[in-house]
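Listed below, chain by chain, are the residues.
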Amino acid sequence: MGTVGDVSEPKLVHGNCGYVLDDVPHLTDYLPDIPTYPNPLQNNPSYRVTKQYFVHDDDTVVQKAVQHKDGERGIHFRRQGPRQKVYFQPDEVKACIVTCGGLCPGLNTVIRELVCGLDYMYGVKQIVGIEGGYKGFFDPPNSRGGYKGFYARNTIPLTPKFVDHIHRRGGTVLGTSRGGHVTSKIVDSIQDRGFNQVYIIGGDGTQKGAALIYEEVRRRGLKVVVAGIPKTIDNDIPIIDKSFGFDTAVEEAQRAISAAHVEAESAENGIGLVKLMGRHSGFIAMYASLASRDVDCCLIPESPFYLEGPGGLFEFIEKRLKYSGHMVLVIAEGVADTMDEVDPSGNKVLQDAGLWMAQRIKAIWCRPLQDHFAKEKKMTINLKYIDPTYMIRAIPSNASDNVYCTILAQSAVHGAMAGFTGFTVGPVNGRHCYIPFRHITKQNKVVITDRMWARLLSSTNQPSFMEPRDADEEEKWPITPRPTVKLDANIDQSSSKATAKIEDKLQTLSVVEENHI
């Protein structure tokens, strides 16, 4: 048993000119006497063609690429890649892989490349997949999904032959679920079954769980590496350039936008409404809108908006319909108010933002003549609502994401064999590196005072719904609460009866709508 040390203390290395290496933990931090072995990649024909077999120990990646001549060098992370010495012999490694949280394009590719990387590069043969996520370690048999896999003791032997074609399928061959994390039970299972390399694929919530597993493993003094691979279709993981599956999601989202554009363009005063994923961040909606060039307005959780009044959304819709006869509106799911329920991961359940917006637009059209779509005479509108949410996340990853998933998986394998632990992998400024878990357990959001959002506004020519004075107060965000409406789950959505009910509800509800920000 080794010396535990302070698990929560950051491992910082200071250098000249304000250089700081925010290093990841290593097995030798609490097991100083474990032996090392020559890296078997020295004899691997795949690596003989490279000019440099191994990454230098002092190679690091800067967090902020833009620097000033008189500024400090800032935070750096350890560069990923194989090291000259490894801390595991191939025949002693018993690796397990678990997928947690929601689906995302590329999950099967990551699983495949972890297995092939361990086997082909390092000769590791004992690799299993945990069925059912975290609970698969200790739940009753036949539990599938997420952390549950740690409880259930359901495992799948993983070999290169078994995973050979799984990258062509969406979803995850291991199953997944939300919640179910009980740290002590998971580590008990890891210890009982002799796993010494644990690869955990999941979003910020899953990475929080992985951090707790690492801390408990360290407290017990176990020679167990815990490596994370960040996964979120929303691209809301901080520090890293992007998460895997995001490119595929944006590409697939454009199909829905294109369909909405065709529907809108083919009808009198047609409105194509598309709801995309994005619980707390609007990256998919923003990038898909920017890429498609067919979107007239994009609404995301980070950017407050108001519906009625001068400069409001309805006024903009009216102007676009009068100008071109149709429009496409893209919204992220997070623009709707949250309900009181929470899912097993602890996230608040969202209302259907697309349905809410569709109801508001249809209802405003039916109001008295002073409202937006009925000033002199009623404006006929034809609204088509498209929700491609689960189609987007259930597809296989595209070529770009497949390459990215390969690099992530191989980076994790190199790091684990080199004895690094308590880390996640990802690109920072285009260079892949090892990042301590604590950086990944927060959420990244679109910065609406940034150039990328400005590019979107320039492309759609939509109003920013934000006054210049508010742009200077980004740190005080959010500026103004968005207008929200609680939807009635029992509303009948078919026929004119539904419209009457919706109008009735909208008349009686007290809706807070700011006419300025």
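What counts and how
- Residues numbered from 1 in each chain as written.
- Predicted model: local features only at pLDDT ≥ 70, side-chain atom pairs only at ≥ 80, totals over all residues.
- Heavy atoms only, no water.
- Salt bridge = Lys/Arg side-chain N within 4 Å of Asp/Glu carboxyl O.
- Helix = DSSP H or I, 4+ residues; strand = E, 2+ residues; numbered from the N terminus.
- Buried < 20%, exposed > 50% of the residue type's maximum accessible area, 1.4 Å probe, protein only.
- Phe/Tyr/Trp six-rings, centres within 6.5 Å; stacked < 30°, edge-to-face > 60°.
- Lys NZ or Arg CZ within 6 Å of the ring centre and 35° of its normal.

Caption draft 1: Up close: the pattern of salt bridges. Enumeration over the complete set of coordinates arrives at 20 salt bridges. A salt bridge links Arg-219 to Glu-215, with the nearest nitrogen and oxygen atoms 4.0 Å apart. Here Glu-215 and Arg-219 lie together in helix α4 (residues 204–219), a separation of four residues that amounts to about one turn. A relative accessible area of 46% means that Arg-219 is categorised as partly exposed. By relative accessible area, which is 22% here, Glu-215 ends up partly exposed. Close ionic contact of Arg-360 with Glu-308 constitutes a salt bridge, the shortest N to O distance being 3.8 Å. Placement of the pair is Arg-360 in helix α8 (residues 353–365) and Glu-308 in the loop between β14 (297–299) and α7 (313–324), with a sequence separation of 52 residues. The pair Arg-360 / Glu-308 is uniform in exposure class, with both members buried. Linked by salt bridges that have partners in common, Asp-188, Glu-215, Glu-216, Arg-219 and Arg-220 make up one network.

Caption draft 2: Main features of the packing of aromatic side chains. The tally for this structure, following the rule as stated, stands at three aromatic pairs. When the centroid spacing of 5.7 Å and the interplanar angle of 40° are considered together, the rings of Phe-420 and Tyr-434 count as tilted. Of this pair, Phe-420 sits in the loop between α10 (399–417) and β19 (423–428) while Tyr-434 is found in strand β20 (residues 431–436), placing the two residues 14 residues apart along the sequence. The burial state of Phe-420 is the same as that of Tyr-434; both residues are buried. Following the ring pairs from residue to residue traces out a cluster consisting of Phe-420, Phe-423 and Tyr-434. The side chain of Lys-223 reaches across the aromatic face of Phe-88, ending 4.7 Å from its centre. The positively charged end of Lys-242 is found above the aromatic ring belonging to Tyr-404, 5.7 Å away from the centroid.

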